[in-house]
Amino acid sequence: EEEEEEEELEEPVITMSSMRAASTGLPEEEETSFSAEETSALALSNDAASASASAVFNPSLEDKTAIQKFLAPDPEELDSELEMTVWEHLEELRERVLIAALMTGLAILACFCFAKELVVFLEAPVAEQGVRFLQLSPGEYFFTSLKVAGYSGLLLAVPTVLYEVVAYVVPGLTRSERQFLGPVLIGSSVLFYVGLLFSYEVLTPAALKFFVSYADGAVESLWSIDQYFEFVLVLMLSTGLSFQVPVVQVMLGQLGLVSSQSMLGVWRYVVVGSVAAAAVLTPSTDPFTQTLLALPLCGLYFGGAFVVRALEERRDTAAAA
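Thresholds, definitions, all that
- Residues numbered from 1 in each chain as written.
- Predicted model: local features only at pLDDT ≥ 70, side-chain atom pairs only at ≥ 80, totals over all residues.
- Heavy atoms only, no water.
- Core = buried A, V, L, I, M, F, W, Y, C linked by side-chain atoms within 4.5 Å.
- Buried < 20%, exposed > 50% of the residue type's maximum accessible area, 1.4 Å probe, protein only.
- Helix = DSSP H or I, 4+ residues; strand = E, 2+ residues; numbered from the N terminus.
- Contact = heavy atoms within 4.5 Å.
- Salt bridge = Lys/Arg side-chain N within 4 Å of Asp/Glu carboxyl O.
- pLDDT = per-residue confidence, 0-100.

**Digging into the nonpolar core**
Now for step 1: In this structure, Leu122, Val148, Tyr228, Phe229, Phe231 and Met236 are the most contacted members of the largest nonpolar core, which totals 24 residues.
Now for step 2: Those elements that place two or more of their residues in this core are helix H6 (115-127), helix H8 (175-215), helix H9 (225-242) and helix H13 (287-320).
Now for step 3: No other element matches H9, which puts eight residues into this core.
Now for step 4: Discounting residues that sit within four places of it in the chain, Tyr228 has contacts with Leu122, Glu123, Pro125, Val126, Phe133, Leu208 and Trp223.
Now for step 5: Core analysis: the next-biggest nonpolar cluster, separate from the first, contains 10 residues, Val184, Leu264, Ala305 and Val308 among them.

**A look at the pattern of salt bridges**
Now for step 1: This model, assessed by the stated rule, comprises four salt bridges.
Now for step 2: With a closest N to O distance of 2.7 Å, Arg94 and Glu91 form a salt bridge. On the criterion of helical spacing, the pair formed by Arg94 and Glu91 is a turn pair, its members being three residues apart in helix H5 (residues 86-113).
Now for step 3: The closest approach of N and O atoms between Asp226 and Lys147, which form a salt bridge, is 3.2 Å. Taken together, the positions of Asp226 in helix H9 and Lys147 in helix H7 (residues 140-169) put the pair 79 residues apart, joining distant regions of the chain.
Now for step 4: One salt-bridge network, held together by shared partners, links Glu92, Arg96 and Glu164.

**Comments concerning the confidence of the model for the protein chain**
Now for step 1: Across the protein chain, the average pLDDT comes to 76, with 73% of residues at 70 or higher.
Now for step 2: Within the protein chain, the element-level pLDDT minimum falls on helix H1 (residues 2-9), averaging 49, and the maximum on H5, averaging 90.
Now for step 3: Predicted confidence for residues 4-11 stays below pLDDT 50, and this span has zero contacts to residues more than four positions away or in other chains.
Now for step 4: Here residues 28-34 is a poorly scored stretch, pLDDT under 50, and it has 10 contacts once near neighbours within four places are set aside; other chains count.

**A closer look at the side chain of Ser145**
Now for step 1: Note on placement: Ser145 falls in helix H7.
Now for step 2: Setting aside its immediate chain neighbours within four residues, Ser145 contacts Phe112 and Ala115.

Right, dumping it as structure tokens:
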């Protein structure tokens, strides 16, 4: 009787294995073996998923692509002393925009004071060919003077605007990006003004001479002052902007986004694109003016590609050393 009472007092031991066996209907030993395999497989899959997620979201410096390096650079390449809050960035942006706008306004005002001299200077390419300019509506010359002063003031204010832009973005650049920022800005400014000079000395006189000679003997050349300056100013500005092609190429090459081999590999599309760009940028529709602009565009593109190749060879040589 005492043994029977002890057996009744003993409580059954319930294990996880017995509970799983009761719920699934499998024998306890089979369930235990199955659970171990399942746990091992789950652990391996979780480790693999964690490793792949870590590789995607936290790639090493060697595994990063060029775009990832540009958007998320190595913290060691950044200057921690220049860290600023969002409000400080907005305050600095407001100040620099105000300075750039103020200097641009002063430059436009100064150019307006010499508007007549600027008009005579821009009339020079066709003044010797007997072309006369007319004011076809009241105030046309006044508004043309404002337009000339506005374009000239913007050109004079370009160095100040570039300085404010560079001073604002420099804190977010890495050390390697700052090294080629100065040469890029200098090259961009030089190419822009070279484009303006090329347009004034070569492109504009050639285009206007073509129009004058084509109309010679049929009609007298009496041009509207407003339409003439719209033609000349748009042509000069578009030429200056189109001369920025090598600057864009060097920037893309330095960032590792495009190689010189890929640039030179699409030369057929470049030729067609240069002709199309010249047709869009030039305000006239004659093929002669478009050809005069398309040829320098092709030359600038191939020159930029060879500059990128030289920079790549220099970088490879430095890395090998």
